[in-house]
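Here is what each chain is made of, one letter per residue.
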Amino acid sequence: MMPLVIGRAKSRKLIEDVLPDQRVIVLVAQKDASVENPTPDDLYQHGTAVVILKLLRTSEEAQTIVVHGLVRVRIEEYVQTEPYFRARITPLEEQVPEGKEIEARLIDVRQKALRIVQLSPNIPDEAQMVINSIDQPGALADFLAANLVSDVAVKQELLAETNVLKRLERLEKILYHQVEVLELSGQLQEKVRESIDKAQREYFLREQLKAIKKELGQIDEQSADIEELTKKVNESGMSESVKSECFRQIRRLETIPPASPEYSVIRTYLEVMTELPWNKYTEDNLDIRRAKRILDEDHYNLDKVKKRILEYLAVRRLAPDSHGPILCFVGPPGVGKTSLGMSIARALGRKFIRMSLGGLRDEAELRGHRRTYIGAMPGRIIQEIRKAGSANPVFMLDELDKVGMDFRGDPTSALLEILDPAQNFSFQDHYLNVPFDLSKVMFIGTANVISTISPALRDRMEIINLSGYTTLEKKHIAQRHLVPRQLKENGLSEGAIEFTDEALEYIIAHYTREAGVRELERQIGAICRAIAVKVAAKVGKSSAKKQVKKVKVEPKDVRRYLGPIIYENEVAQRTSVPGVATGLAYTAAGGEIIFIEATSYPGKGQLILTGQIGDVMKESARTALSLVMSRAGKLGIDEDRFQKIDIHIHVPAGAVPKDGPSAGVAMATSIASMMLERSVRPDVAMTGEITLRGLVLPVGAIKEKVLAAAQAGIKTVILPARNRKDITDVPSDVRKQLKLVFSKTIDDVLRNALVDSDGKVRKSKNKRQ
């Protein structure tokens, strides 16, 4: 039984005509409930014959009838549509198969229905009693379809199905799906309920804890944090604009629970902001005499570099607000670039920061990460200044020439702003997101070579070249700095070991081959360790510091401590045959000598080049060959011979890449020596670029190349005439040691480089410079 509200005029007319004599009518569902005046096509074919039990009049427009279903019917034909529908119908009888399957279906459907009643809070528990009391399969299927199925189309399918077994089977699938949905929904609701209950419980406990602490006169942790951070912000010395940003973050912090991840992010940000030295500066000590004394104590020689540093300090003393240039020390490893920065910081009385840029590829390493990323932090610049605790430290950017670039950005672009005094007063780190003044920081760069630094970055710095040391300078550095430091590091008392001048010169000549002094210090340290073993074996542990006997190290002792010599003078041996010339080259490790070897064999006039040489050096070799061929008659070489041989030029060592035009003179000399069968003088080294006209053009790094020649035992160095001005940079003791010959053309080079045809060495007319 169920009530029906009658609203349409047609339906009311029908009720008036059938009552009270005929109480049986047919109820049919609409296919689309939104159609106001349906036609027969808008109605389903199957319906239900019902009997009207009661008519209730609520108003003239609305009536309610209570009906009771009797039997399924199928509408065969509509015979009238006005004033209401009349149709011929056929009652449908149920088909109830017998057997175990229908019993099993009945049990399964009943269980599913009972489970739905349990899971559905809006279905009363009495429904379980009704479901259990229905024994007929068809009646149970109709009851469940009427009350548990909501889709009209699905209900209509079940109504049209007269086979009870099929109806139960279809209903079983529908109920199974509903059980799954309700169980999953229940699980989700349970999880949400647990989460909400936990959060509410924590909230209530936290509020109770706040109330208890308030009664006891204590402040809760969050309030204490906010009060402490507010105090730090006020005392930090930051500008008003930065303060307003910090206070904005503090207001956000007050509204966020401490357990939230955002709370710790904001708190960390505020801690970083308050720990930065916004207005903390160390007072500069601009005493020029004191600075000169400190530089002389820490470094031997380097007069040109010291002079420039003292000039910088003098300008700062006269004009404190001036922004001096960014200094960049360029030189081979081990010549004291980093230690110079430390000496400058000591002379000024500033904090010293060193940051290595070697291999740096990510711009965020300098500028920091935005706070939207998990684990974000400030860039290295801000981090180091935060550690130093001063806004005007001496900041050394080491290895500027080794900065990389990839898809993460170009760190060089960030350095442009950092190293520009016109921009870095408002440097913005991505993490801070507020400007920080770097204009008071004294930035110093270091590099081994200048060629790999971008032109824009190079333009922002003043380049100061630090060349390699001479043997005399290395000896003085060892006596003043290296030996005392190694004695201290190896637990030996001051003066426990005495290195003679001859021993130090022997170590420098035969155990090191470098522009700086790092390898020299390692060799001195090896000797100190060997002597420390003997000292520790002789004296007891309690008196290990008391040295009873001073150890004197001489050249013969060096061989015993360091083993066979590593480097020996092989220039004379390698240039004793025609076709071998000694050239001078410059690398990131300083100057060095190279050998140019040329040989010939029967062929067709081809030129073969080996030794991993670059394109510029290959062009120099071709130019050298063309020059010698063009002057064959003048030099006394058979011109036809070039067409009958192949010439092979090799530049050892083959595993080391080489390039540059300065080996042109040596290549031309090597080819001429081979063709004339006259050896190159064993004590001669040369450098210079050549042209097809035979001119010798100037080259760079003259000081480094001359020092390398002196260290290798060379007696005469042939240089381009236009490089005469560069000789002033060469130390005077080296100039006295070498004979410097200046050549304008290749003829001058060959005249001074080749031995006579009788094997005698021709003396140069050039005076020693």
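A brief report on the enclosed structure follows. (Residues numbered from 1 in each chain as written. Predicted model: local features only at pLDDT ≥ 70, side-chain atom pairs only at ≥ 80, totals over all residues. Heavy atoms only, no water.)

**So, the overall build of the protein chain**
Then, in step 1: Regarding its fold elements, the protein chain presents 27 helices and 23 strands.
Then, in step 2: What you see for the protein chain is a C-alpha radius of gyration of 50 Å, clearly larger than the 27 Å of a compact globule of 769 residues, by over 25%.
Then, in step 3: By principal-axis analysis of the C-alpha atoms, the protein chain measures approximately 150 × 85 × 60 Å.
Then, in step 4: The buried share among the 769 residues of the protein chain stands at 43%.
Then, in step 5: Taking all contacts inside the protein chain whose residues are at least 6 apart in sequence as the whole, residues at least 24 apart take part in 71%. (Helix = DSSP H or I, 4+ residues; strand = E, 2+ residues; numbered from the N terminus. Rg over C-alpha atoms; globule rule 2.2 N^0.38 Å. Buried < 20%, exposed > 50% of the residue type's maximum accessible area, 1.4 Å probe, protein only. Contact = heavy atoms within 4.5 Å.)

**Observations regarding the packing of aromatic side chains**
Here a ring pair, both rings aromatic, is described through the centre-centre distance and the interplanar angle of the planes.
Then, in step 1: Tallied over the entire structure, the rule returns five aromatic pairs.
Then, in step 2: Ring centres of Phe 395 and Phe 443 lie 5.5 Å apart, and the angle between their planes is 40°; on these two criteria the pair is classed as tilted. Of this pair, Phe 395 sits in strand 8 (residues 394–398) while Phe 443 is found in strand 11 (residues 442–447), placing the two residues 48 residues apart along the sequence.
Then, in step 3: With 6.2 Å between their ring centres and 55° between their planes, Tyr 506 and Tyr 511 make a pair best called tilted.
Then, in step 4: Among the residues examined, Tyr 506 registers a relative accessible area of 18% and is labelled buried.
Then, in step 5: In this structure, Lys 10 packs its charged tip against the face of Phe 85, placed 5.1 Å from the ring centre.
Then, in step 6: Here Arg 371 stacks its cationic end above the ring of Tyr 269, 3.8 Å away from the centre of that ring. (Phe/Tyr/Trp six-rings, centres within 6.5 Å; stacked < 30°, edge-to-face > 60°. Lys NZ or Arg CZ within 6 Å of the ring centre and 35° of its normal.)

**Quick word on the pairing of strand 6 (residues 326–330)**
Look at any regular strand and the pattern is simple: side chains alternate between the two faces of the sheet.
Then, in step 1: The buried fraction of strand 6 amounts to five of the five residues, a majority that puts the element mostly inside the structure.
Then, in step 2: Residues Ile 326, Cys 328 and Val 330 line one face of strand 6 and the alternating positions Leu 327 and Phe 329 line the opposite face, and both faces are buried.
Then, in step 3: Here strand 6 runs beside strand 12 (residues 461–465); their pairing, made up of five bridges, is parallel. Bridging from a neighbouring strand, Leu 327 pairs with Glu 462 of strand 12.
Then, in step 4: When strand 6 meets strand 11, the two strands line up parallel, connected through four bridges. What sits directly across from Leu 327, in strand 11, is Ile 444. (Pairing = 2+ DSSP bridges.)

**Details of unusual backbone geometry**
Then, in step 1: The omega torsion across Leu 19 and Pro 20 is 0°, close enough to zero to call that bond cis.
Then, in step 2: Checked against the element boundaries, Pro 20 lands in the loop between helix 1 (9–18) and strand 2 (24–27).
Then, in step 3: Omega for the bond connecting Glu 82 with Pro 83 falls within 30 degrees of zero, at -5°, which places this linkage in the cis form.
Then, in step 4: Note that Pro 83 resides in the loop between strand 4 (63–80) and strand 5 (86–92).
Then, in step 5: The residue Glu 399 is not glycine, and still its phi comes out positive at about 60°.
Then, in step 6: Mapping Glu 399 onto the fold places it in the loop between strand 8 and helix 15 (411–418).
Then, in step 7: For Glu 677, which is not glycine, the phi dihedral falls at a positive 55°.
Then, in step 8: On the basis of relative accessible area, Glu 677 is assigned to the exposed category, the value being 60%.

**Here we look at empty space enclosed by the protein**
Taking a probe equal in size to a water molecule and rolling it over the atoms shows the remaining empty space.
Then, in step 1: Across all of its chains, the model carries one cavity of 30 Å³ or more by this definition.
Then, in step 2: Here the largest cavity is characterised by a volume of approximately 30 Å³.
Then, in step 3: In terms of lining, the largest cavity is formed by Leu 627, Val 628, Arg 631, Leu 635, Ala 668, Ala 672, Ile 746, Asp 747 and Leu 750.
Then, in step 4: Elements represented by at least two residues in the lining of the largest cavity include exactly helix 22 (615–630), helix 24 (664–676) and helix 27 (746–753). (1 Å grid on protein atoms, 1.4 Å probe; cavity = no way out; pocket = protein on both sides within 12 Å on 5 of 7 lines; lining within 4 Å. Points joined across faces, edges and corners; volume = space filled by probe spheres on them.)

**Topic: the pairing of strand 11**
Then, in step 1: Counting buried positions along strand 11 gives six out of six residues, so the element sits mostly inside the fold.
Then, in step 2: Neither face of strand 11 is open: one carries Met 442, Ile 444 and Thr 446, the other Phe 443, Gly 445 and Ala 447, and all of them are buried.

**Quick look at the sheet that holds strand 7 (residues 352–356)**
Then, in step 1: Spatially, 7-8-11-6-12 is the arrangement adopted by the five strands of the open sheet, whose pairing is parallel. Pairing within the sheet leaves two strands with one partner each, and these edge strands are strand 7 and strand 12. The average undirected angle you get between the axes of adjacent strands in this sheet is 25°.
Then, in step 2: Most of the contacts of helix 14 (residues 380–388) go to strand 7, to which it runs at about 150°, and overall it touches strand 7 and strand 8. (Axes fitted to C-alpha atoms, helices over the stretch in contact; angles between N-to-C directions.)

**Examining the side chain of Asp 748**
Then, in step 1: For Asp 748, the position within the fold is in helix 27.
Then, in step 2: A distance of 3.1 Å separates a polar atom in the side chain of Asp 748 from the backbone nitrogen of Lys 744. (Polar contact = N/O pair within 3.5 Å; in protein donor to acceptor, adjacent residues only side chain to side chain.)

**A word on the packing of helix 24 against helix 27**
Then, in step 1: Here helix 24 crosses helix 27 at 60°, and the two axes come no closer than 10 Å. Regarding the angle of helix 24 to helix 27, the classification is oblique. When the axes of helix 24 and helix 27 are compared, the crossing they make is right-handed. Packed against helix 24, whose contacting residues are Val 665, Ala 668, Thr 669 and Ala 672, the element helix 27 presents Ile 746, Val 749, Leu 750 and Ala 753 at the interface.
Then, in step 2: Here the contact of helix 24 with helix 27 is composed, by residue class, of seven nonpolar, one polar and no charged. (Parallel < 35°, antiparallel > 145°, perpendicular 65-115°, else oblique. Left-handed = near helix turned anticlockwise from the far one by under 90°. Nonpolar A, V, L, I, M, F, W, Y, C, P; charged D, E, K, R; others polar.)

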